[in-house]
Amino acid sequence: MASVEKRLSDLLGARRVLTAPDALLAWECDGFTVHKARPRAVVLPESTAEVQAVVRVLHGERVPFVPRGAGTCLSGGPTAGPDAVVIDLARMKQVLRVDAEDLFAVVQPGVVNVELTAAVRHLGLHYAPDPSSQTVCTIGGNLAENSGGPHCFKYGMTQDHVLDAVVVLPDGEIARLGDAGGPRPPGVLDLLGVFCGSEGTFGIATEITVRLCRDQQAVRTLLASFASMADACRAVSAIVHKGLVPAALEILDRATIQAVEASVYRAGYPSDAAAVLLVELDGPPDVIAEEADEVRAAFAAHGALRSEEATDAAERKRLWKGRKGAFGAMGRLSTDLYVLDGVVPRSALERALDGIAAIGARHGVTITNVFHAGDGNLHPNIPFDGRDAAETARVVAAGREILQLCVDLGGSISGEHGVGAEKLDHFGMMYGAADRDVMARVRAAFDPHGRCNPGKALPSRGACAEPAKWPQMVARVLDAERPQ
């Protein structure tokens, strides 16, 4: 056994340091299956102290490492190369503290998203961010990617619900980032805001303080089907134009509906519809009763074929089952699935979807669409056989064109999945060399040696220009945040 692996085994025990090639297969990729690589080793720490000890060994031996949660990331973020060690945080799954009065919880990074809500449901509380993978994805991974979800239209992304984090920095030192102790004084940098969404390149969060929300008095969930995708998109615009802020506005296209209805996620969606629009309202009963009337009016004004409303919790769960299970249902279509993540202005949804269909036809690939319509966050899905190199190449080419289309329409190459390894070649669609250099300087303030999740989030290039003064400020603040 190599010296590094031997030292790690001495720290954690041989059962929590995996090196056998067949054992490492489970960590060769995340949800972005186009890129696969087995790591050098996988370690399974269970506490902040163990993470710190592991990172100190790796830092001292100059070995790169990659933090990883449940592996549900869709951009290749936690996929490690053969020289890197994966620090798997799945065993760190304790809810350490719940404060029902001040509305926060302290959790380890391996806590599964939906299980946090389950742990506080008896208090009339919940954790608002709800990625579609929430039954398996972890709070630590959500923090790394700044994950969203169907309810982010009203409640915001992960960054809006994280208050504080204990972070093991890439050199093995510990820092506490955030505002849990009170508001930041004027002029103090928001390092937690920078850390959230850094895709595991700035360090490893081992304790995370998150905001809890009180359950709303009432919830109403409505579903409408449409003869065309254009009608569904126009209904969304009409609802938002009325000044309504639904908790969620989700659209599934015909191909997605058919896949869902043929799967274990069957929800009773009308299979003859070109699109279905799922709208959820929450708040005081009298208020959302009026809002539901306005939503139904928007359905009717834009040619809805039919609509229905959940009458109880079981019906609401049924309507959401198809949306939450949509990506899983795609497994019926082929062996692999490329889930794209681009954003366009809401007013450009129709043009974007027409363009996506044309791109799919041009490259000879199947594309299904399920997306957060309220904020224009598209998720075109391309099922493919990853064993077929020619088909995979067509899929990757189509994905690139789709992201370029999003940018050309005034949008972005990512809304919530991040850059990871998937979008390194697409970075230039939005950012120039100067932008990249600024980001690299901030990254270097956290990880000057570039060993924490190397090769992710930022494309490589030569030495940066002379750093600006404010990245030096980041380094000084990090020093101040370390426990003395």
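Keep in mind it's a predicted model, so treat the numbers as computed, not measured.

Peer 1: Can you help me understand the overall build of the protein in this one?
Peer 2: Scanning the protein for helices and strands turns up 15 helices and 20 strands. If you line up the protein on its principal axes, its C-alpha atoms span 65 × 55 × 45 Å. In the protein, which comprises 484 residues, the proportion classed as buried is 55%. Once local pairs closer than 6 in sequence are excluded, the contacts in the protein between residues at least 24 apart make up 73%. If you sum the accessible surface of the protein, you get close to 19,900 Å²; carbon and sulfur atoms cover 51% of it.

Peer 1: Could you clarify how one ought to interpret the packing of aromatic side chains in this entry?
Peer 2: By convention here, two paired aromatic rings are described through the distance between centres and the angle between planes. Per the stated rule, a full pass over the model turns up four aromatic pairs. Between F32 and Y338, the ring centres sit 5.4 Å apart and the planes meet at 55°, which makes this aromatic pair tilted. With F32 in the loop between β1 (17–18) and β2 (41–43) and Y338 in strand β16 (residues 336–339), the pair connects residues that are 306 residues apart, well separated along the chain. Take F32: its relative accessible area is 4%, and that puts it in the buried class. On the numbers, 4.9 Å between centres and 40° between planes, the contact of F427 with Y431 is tilted. Classification of F427 by relative accessible area gives buried; the value is 4%. Judged by its relative accessible area of 31%, Y431 falls in the partly exposed class.

Peer 1: Just checking my understanding: could you explain the environment of E250 for this structure?
Peer 2: Position of E250 relative to the elements: it lies in strand β13 (residues 248–253). Accessibility expressed as a relative area gives 0% for E250, which makes it buried. For the pair formed by E250 and P45, sequence separation is 205 residues and the distance between their alpha carbons is 38 Å. With residues near it in sequence (within four places) discarded, E250 still touches P150, V276, L277, L278, W320, R323, F371, H372 and A373. A polar side-chain atom of E250 sits 2.9 Å from a polar atom in the side chain of H372.

Peer 1: Whenever I open this one, the packing of helix α1 (residues 3–12) against helix α2 (residues 48–60) confuses me. Can you help?
Peer 2: Direction vectors running N to C along α1 and α2 enclose 165°, while the axes themselves pass 10 Å from each other. Between α1 and α2, the crossing angle belongs to the class labelled roughly antiparallel. Seen from above, α1 lies across α2 with right-handed handedness. Along the contact surface, α1 presents V4, R7, L8, L11 and L12, while α2 presents E50, A53, V54, V57 and L58. For the contact of α1 with α2, the class distribution of residues is eight nonpolar, no polar and two charged.

Peer 1: Would you explain a nonpolar patch on the surface in this entry?
Peer 2: Together, V95, V98 and L123 make up a nonpolar patch on the protein surface, roughly 190 Å² of accessible area in all. By the secondary structure assignment, L123 is in the loop between α3 (113–120) and β7 (125–126).

Peer 1: Looking at this structure, how should I read the confidence of the model for the protein?
Peer 2: Note that predicted coordinates carrying low pLDDT should not be read in detail. Chain-level pLDDT for the protein is 94 on average; 94% of the residues reach the 70-or-more range. When the criterion is pLDDT under 50, residues 462–468 qualifies, and its contacts beyond four places in sequence or with other chains add up to nine contacts.

Peer 1: Before we go on, may I ask you to explain the pattern of salt bridges in this structure?
Peer 2: Applying the stated criterion across every chain yields a total of 23 salt bridges. The closest approach of N and O atoms between D164 and R176, which form a salt bridge, is 2.5 Å. Taken together, the residues span a long stretch of sequence, with D164 in strand β8 (residues 162–168) and R176 in strand β9 (residues 174–178) at a distance of 12 residues. For R176, a relative accessible area of 43% translates into the label partly exposed.

Peer 1: Please explain the domain arrangement of the protein as it appears in this structure.
Peer 2: Here the protein is partitioned into domain 1 (4–88), domain 2 (95–214), domain 3 (218–329) and domain 4 (333–479). The centre of domain 2, based on its C-alpha atoms, is set 29 Å off from the matching centre of domain 3. Counting residues at the interface gives nine residues for domain 2 and 13 residues for domain 3. Buried surface at the junction of domain 2 and domain 3, both sides included, amounts to about 920 Å², of which 53% is carbon and sulfur. Together, S132, P150 and F153 form the three largest contributors to the area buried by domain 2 at its contact with domain 3, with a combined 57%. Our count for the contact surface shared by domain 2 and domain 3 stands at two salt bridges. A salt bridge links K154 to D282, with the nearest nitrogen and oxygen atoms 2.5 Å apart. Taken together, the residues of the side of domain 2 that touches domain 3 sort by class into four nonpolar, three polar and two charged.

Peer 1: Help me out: how do you make sense of helix α10 (residues 313–324) in this one?
Peer 2: Think of an α-helix as 3.6 residues a turn; residues three or four steps apart then line up on the same face. Here α10 spans 16 Å end to end across 12 residues, near enough to the 16 Å set by a 1.5 Å rise per residue. Burial in α10 covers these residues: L319, W320, G322 and R323. The buried residues of α10 occupy one face: seen down the axis, they fall within an arc of 150°. Away from its buried face, by an angle of more than 90 degrees, α10 presents the exposed residues A313, A314 and K317. Backbone nitrogen of A314 and a side-chain oxygen of the N-cap are separated by 3.2 Å at the start of α10; the cap is D312.

Conventions and cut-offs
Residues numbered from 1 in each chain as written. Predicted model: local features only at pLDDT ≥ 70, side-chain atom pairs only at ≥ 80, totals over all residues. Heavy atoms only, no water. Helix = DSSP H or I, 4+ residues; strand = E, 2+ residues; numbered from the N terminus. Buried < 20%, exposed > 50% of the residue type's maximum accessible area, 1.4 Å probe, protein only. Contact = heavy atoms within 4.5 Å. Areas by Shrake-Rupley, 256 points an atom, 1.4 Å probe, with all protein chains shown as cover. Phe/Tyr/Trp six-rings, centres within 6.5 Å; stacked < 30°, edge-to-face > 60°. Polar contact = N/O pair within 3.5 Å; in protein donor to acceptor, adjacent residues only side chain to side chain. Axes fitted to C-alpha atoms, helices over the stretch in contact; angles between N-to-C directions. Parallel < 35°, antiparallel > 145°, perpendicular 65-115°, else oblique. Left-handed = near helix turned anticlockwise from the far one by under 90°. Nonpolar A, V, L, I, M, F, W, Y, C, P; charged D, E, K, R; others polar. Patch = residues over 30% accessible without salt bridge, like charges linked within 9 Å, V, L, I, M, F, W, Y side chains within 5 Å. Salt bridge = Lys/Arg side-chain N within 4 Å of Asp/Glu carboxyl O. pLDDT = per-residue confidence, 0-100. Domains from an automatic or database assignment. Buried area = accessible area lost by both parts, 1.4 Å probe. Expected span 1.5 Å × (residues − 1). Arc of directions from axis to C-beta.

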